[in-house]
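As a plain string of letters, each chain reads:
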Amino acid sequence: MNGTAKPMTGSDPILEIRDVDKAFGGVQALDRIGFALEKASITGLIGPNGAGKTTLFNVITGIFAPDAGDIRFAGQSIENLEVHQRVSLGIARTFQNVELFESMTAMENILVGLYTRTRAGMIQSMLRLPRTRQEEARARDQAMELLNFVGLRDYASRKSGDLPFGWQRMLEVARAMAAQPHLLLLDEPAAGLNISETGHLGELIKEIRKQGITILLVEHDMSLTMSISDQIVVLDQGRKIAEGTPRAVQENKAVMAAYLGKKANPTNN
Amino acid sequence: MQELLQYLFSGMTNGAVYAVIALGFSMLYSSTDLINFAHGEFVMLGALCMVSLTAGAGLALVPAFFVTVAAVAAAGMLFERLAIRPVRHPQPIVLIIITVGASIFLRGTGMLIWGKDAHSMPPFLDIAPIDIAGARLLAQSVWILVIVTALAAGLHLFYKKTLTGKAMTACAVNKKGAWIVGIPFKWMVLLAFGLSTGLGAVAGASIAPITMSSYDMGTILGLKGFCGAMLGGLGSLWGAILGGFLLGILEAMGVGFVSSGFKDATAFLLLLLVLYIRPQGILGTAEVKRF
Amino acid sequence: MDDKYLPAIYTGFALGIAFLGWRIDNAYYLQLLIFIGLNTLLALSLNMLMGYAGQISLGHAAFYGIGAYVTAILSTTYQVPPLLALPAAVGAAMVIAWIVGIPTLRLSGYYLGMGTLGFGMIVHIVLREWGSVTGGASGFVGIPPLEIGPVSFASSKSYFFLVWAVVLAVIILCRRIIDSRVGRALCAIHDGEKAAAAVGVNTRRLKLQVFVLSAGIAALAGFLYAHLVFFISPGSFGFMASIKIVTMVVIGGMASIWGALFGASLLTLLPEWLHAFSEFEMVVYGLILMVVMIFMPRGLTRGLMDIYERYRKTHDRQ
């Protein structure tokens, strides 16, 4: 029952996860996980600690290879692609414990985020021909726009490590956006944020979706997740125990059992 | 045949020394996750101390041996206390440079104390070489093999039977967990440094009679010990011994059948091969960070 | 960042070189300045790798040696004009760096340190033992002075200008790389390799590229060294030489181009100032490495700058 993605109606999904297995030693971190993300949708991936959410992120982005199963992005398998190649293809992410380039400024962080969308190599950089200069100027404009988008315009030249934590999260989102992704994976973006920052984040995520970007969100803040997601996928101990609209999932017995620790047979919806 | 046996003997002698040095690397790594680039310099200190205490100060062998090991271990602990513990950002690149700095510093100190000349001392027991099928086995070689066996058994017992040994293993497995159950972590690191550099001193003191000891002997010996440790599997006790012997024998065969000038290159080529092909070594299971 | 001032800084630098070259006639001082230039090249080369990309090399003198020996063998044994030997020397080092770098740069941390150390040792042993080609442990004699077309660089003064023109050019090129897409990606690898890959940086390829570039600069320094002293021996390219380069970077500061100049100057002048220095050379280097790294892991000049910045910040707040 918690197996292959159910057939999608309407447009083709942007990301399909098919029967993905991943074990570490004896621990089955992901057990035949399968679901699909529709274009320009927001999917909340929830589950208790250790459910396998971050592992799934790492499998999708290519940090771990799955033991079995397949990941298809925009209709093609990305199994053999390395981490950076998947970014070029349009999969960007943020990290649970913000991983900014701390010794670099906010602006430079975004510029690194633009890496896959710019071309100049080592030799072009040394020669600094007009084309390279133009590309650099364009990249800086784009970076400024992105900083503006997350409200950090005035802090462009601040060291990212010196920014307050909430701003660092926003900067990381902007850096991921710089890769011009089709799919954005956000790993607990609200962790450590206060209520007003969380509200702002929610608006930002909806704004990003409006640009046609699909979002997969791991988040413990239920009110945020439930309010912005179109679809919720629930993992528990490496298995998918439920999938559906926020309302359906909230009423699901298996989900309640997983969160409250009661035994129940996992059922779909 | 006789030739082969002769190479095997000399390879085993060197190999035993590499094994002891490898043990020092391995046990420090397994309890602190650190590789001490100055380890070879402690071997050098062991050898030169031994020479000075016996040939210079006229001390008897056994007390000289123990004084040497104790002194070098104390120096190792001092090094940990002064140069490793105060490090605020213990990233590998910082620790590499610090321990490389320590290695150069100790080498320079060795040169100031003992000068640039090589020193030698008589073997532990004045017995004629043993003749086996026409190949000569030095009495000192037998000594070294005895010492290695005793050390291996001792370390094995230390880790398996004593509380301190178990605590040290616990620190290696999970620092935070060890701290929570009340294991004095800092003291364990200090002890690991003492033991590791003490092992280096044992290696140095044992080879002092069969080699010329000088201030610059440490770097190469250290690298070879590291090569042995990697070969067997870094962090594994028996791996270090196996790797050390294997390196010694391969090297001796290389000298015998290829060329003596490139003797040292054997070890480094082997090291690179292990790093590239099987960084966990022959016996190692620990996952090596290769990203 | 301070892009606006760079042309002015470069012009000032060039004028400084011209002034020194014009004023100084003493052969000893010129020689000293030339060595500072060569060491600056070496420090710049390692700094690109270690300071910016965060990848340690404990065998960097190997590339210095390859550069020196390739030009020595070509221009002496085979009578190749130095101008043709130059691309061969630099190219050889870069090709070797590329071949060695593919497996080596997959390693990280201690293993990378040991791997590069082992590589340096092997090159040193080959230079020492391959007597028929390299002259063995006693060294290689009779390297011709540098002549490029009709211009001869036999005099100290002309060599001084040549070396420092090269230094300035390399500084400009390094600076340009640092302030570019590639340079930022290198710094990103330093700050966090995982995150760099996650934003799309091909970390493996970039590390390899910077390793090859760095080897090329070191070989260039080796080429200039060989045609300066006319006699080279393996001893100049061993473990201590590699450590000396690391020390220059550590003093000058990780990821600081002008720091490389400072580190190279200090380590070239120190032995000249302290006559008894040769005895204590190793002790002093060792102490420098340990003390700087314990208290200022980003290097001496960087560390001092950080302290100043922190002071200013607390001062501003009051």
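Residues numbered from 1 in each chain as written. Chains lettered and ligands numbered in written order. Predicted model: local features only at pLDDT ≥ 70, side-chain atom pairs only at ≥ 80, totals over all residues.

Next up on the list: the overall build of chain C. Each helix and strand in chain C was counted, giving 14 helices and two strands. Expected size for 318 residues packed as a compact globule is a radius of gyration near 20 Å; at 20 Å, chain C falls within 12% of this value. Projected onto the principal axes, the alpha-carbon positions of chain C cover approximately 65 × 50 × 40 Å. By residue count, 58% of the 318 residues in chain C fall in the buried class. Put simply, of all contacts in chain C between residues at least 6 apart along the chain, 77% involve residues at least 24 apart. (Helix = DSSP H or I, 4+ residues; strand = E, 2+ residues; numbered from the N terminus. Rg over C-alpha atoms; globule rule 2.2 N^0.38 Å. Buried ≥ 20, exposed ≤ 12 C-beta atoms within 10 Å, placed from the backbone. Contact = placed C-beta atoms within 7 Å.)

Here the focus is the nonpolar core. Residues Val-20 and Leu-23 of chain B together with Ala-93, Ala-219 and Leu-289 of chain C are the most contacted members of the largest nonpolar core, which totals 293 residues. In contact with Ala-93 of chain C, other than residues within four places in its own chain, are Phe-63, Ile-66, Gly-67, Ala-215, Gly-216, Ala-218 and Ala-219 of chain C. (Core = buried A, V, L, I, M, F, W, Y, C linked by C-beta atoms within 7 Å.)

Residues and elements named next belong to chain A. Phi is positive for Arg-32, which is not a glycine, with a value near 45°. When you line up the elements, Arg-32 lands in strand E2 (residues 27-38). Classification of Arg-32 as partly exposed rests on a count of 17 C-beta atoms within 10 Å. Of note in the backbone geometry, Ala-74 takes a positive phi value of approximately 50° without being a glycine. Within the secondary structure layout, Ala-74 lies in the loop between strand E4 (68-73) and strand E5 (76-77).

Of the residues in chain C, 98% reach a pLDDT of 70 or more, and the chain-wide mean stands at 91. Reported for the predicted complex are a pTM of 0.90 and an ipTM of 0.88. (pLDDT = per-residue confidence, 0-100.)

With that settled, the discussion passes to the arrangement of the chains. Ranking the two pairs of chains in contact by contact count places chains B and C at the top. The smallest C-alpha distance separating chain A from chain B is 9 Å, and no contact links them.

Facing the 27 residues of chain A at the interface are 23 residues of chain C. When residues of the side of chain A that touches chain C are traced back to their parent elements, those giving at least two are helix H2 (83-89), helix H3 (106-113) and helix H4 (122-127) of chain A. Residue classes in the side of chain A that touches chain C are distributed as twelve nonpolar, nine polar and six charged. (Nonpolar A, V, L, I, M, F, W, Y, C, P; charged D, E, K, R; others polar.)

Before going further, it helps to spend a moment on the interface of chain C and chain B. Counting residues at the interface gives 38 residues for chain C and 40 residues for chain B. In terms of residues, the side of chain C that touches chain B owes the most to one element, helix H5 (residues 109-129) of chain C, which gives 13 residues. Broken down by class, the residue content of the side of chain C that touches chain B amounts to 26 nonpolar, seven polar and five charged.

All names here are of chain A. When its domains are assigned, chain A resolves into domain 1 (1-90 + 181-269) and domain 2 (102-178). For domain 1 and domain 2, the distance between their C-alpha centres works out to 28 Å. Taken together, the contact pairs ten residues of domain 1 with eight residues of domain 2. Those elements that place two or more of their residues in the side of domain 1 that touches domain 2 are H2 and helix H7 (195-210). Broken down by element, the side of domain 1 that touches domain 2 gets its largest block of residues, three residues, from H7. (Domains from an automatic or database assignment.)

This part covers the sheet that holds E2 of chain A. All names here are of chain A. Strand order in the open sheet formed by four strands is E2-E1-E4-E5, with antiparallel pairing between adjacent strands. Each of the sheet's edge strands pairs with one partner strand only, and the pair in question is E2 and E5. Inspection of the sheet shows strand E1 (residues 13-24) paired to E2 by eight bridges, in the antiparallel sense. Directly across from Phe-24, in E2, lies its bridge partner Val-27. The strands touched by helix H1 (residues 53-61) within the sheet are E1, E2 and E4, with E2 carrying the most contacts at an inclination of about 65°. (Pairing = 2+ DSSP bridges. Axes fitted to C-alpha atoms, helices over the stretch in contact; angles between N-to-C directions.)

Looking now at the packing of helix H9 (residues 218-232) of chain B against helix H11 (residues 263-277) of chain B. Residue and element names in this part refer to chain B. In contact at an axis separation of 9 Å, H9 and H11 are set at 40° when each is read in the N-to-C sense. Classified by the angle between their axes, H9 and H11 sit oblique to one another. The hand of the H9/H11 crossing is left-handed. Each of Ile-220, Leu-223, Lys-224, Cys-227, Met-230 and Leu-231 in H9 lies in contact with H11, whose residues at this interface are Asp-264, Ala-267, Phe-268, Leu-270, Leu-271, Val-274 and Leu-275. When its residues are assigned to classes, the contact of H9 with H11 shows eleven nonpolar, no polar and two charged. (Parallel < 35°, antiparallel > 145°, perpendicular 65-115°, else oblique. Left-handed = near helix turned anticlockwise from the far one by under 90°.)

Residue and element names in this part refer to chain A. Relative to E4, E1 is paired through five bridges, and the arrangement is antiparallel. Residue Ile-17 lies in a different strand from E4, and its bridge partner there is Ile-71. Bridging between E4 and E5 involves two bridges; their strand directions are antiparallel. Bridge pairing links Arg-72 to Ser-77 in E5. Between the end of E4 and the start of E5, which pair antiparallel, lie two residues, with Ala-74 showing a positive phi angle near 50°.

All names here are of chain B. Direction vectors running N to C along helix H6 (residues 163-173) and helix H8 (residues 185-207) enclose 105°, while the axes themselves pass 10 Å from each other. Put simply, H6 runs roughly perpendicular to H8. From H6, Ala-167, Met-168 and Cys-171 reach across to H8, where they touch Phe-185, Met-188 and Ala-192. Each residue belonging to the contact of H6 with H8 can be placed in one class, and the counts come to six nonpolar, no polar and no charged.

Residues and elements named next belong to chain C. Among the secondary structure elements, Tyr-10 is positioned in helix H1 (residues 6-23). Taking the C-alpha atoms as reference, Tyr-10 lies 34 Å from Gly-286; in sequence the two are 276 residues apart. Residues in contact with Tyr-10, not counting those within four places in the same chain, are Leu-168 and Ile-172.

Further remarks concern the sheet that holds strand E8 (residues 214-218) of chain A. Residues and elements named next belong to chain A. Spatially, E6-E7-E8-E3-E9-E10 is the arrangement adopted by the six strands of the open sheet, whose pairing is mixed. Whereas interior strands pair on both sides, the edge strands pair on one side only; in this sheet they are strand E6 (91-93) and strand E10 (239-244). On average, adjacent strands in this sheet sit at an angle of 20° to one another, irrespective of strand direction. Inspection of the sheet shows E6 paired to strand E7 (residues 183-187) by three bridges, in the parallel sense. When the bridges of E7 are listed, Arg-93 appears paired with Leu-185. Sitting on the sheet, H1 touches strand E3 (42-46), E6, E7, E8 and strand E9 (231-236), and the angle it makes with E7 is about 150°. H7 contacts E3, E7 and E8 of the sheet and is inclined by roughly 150° relative to E8.

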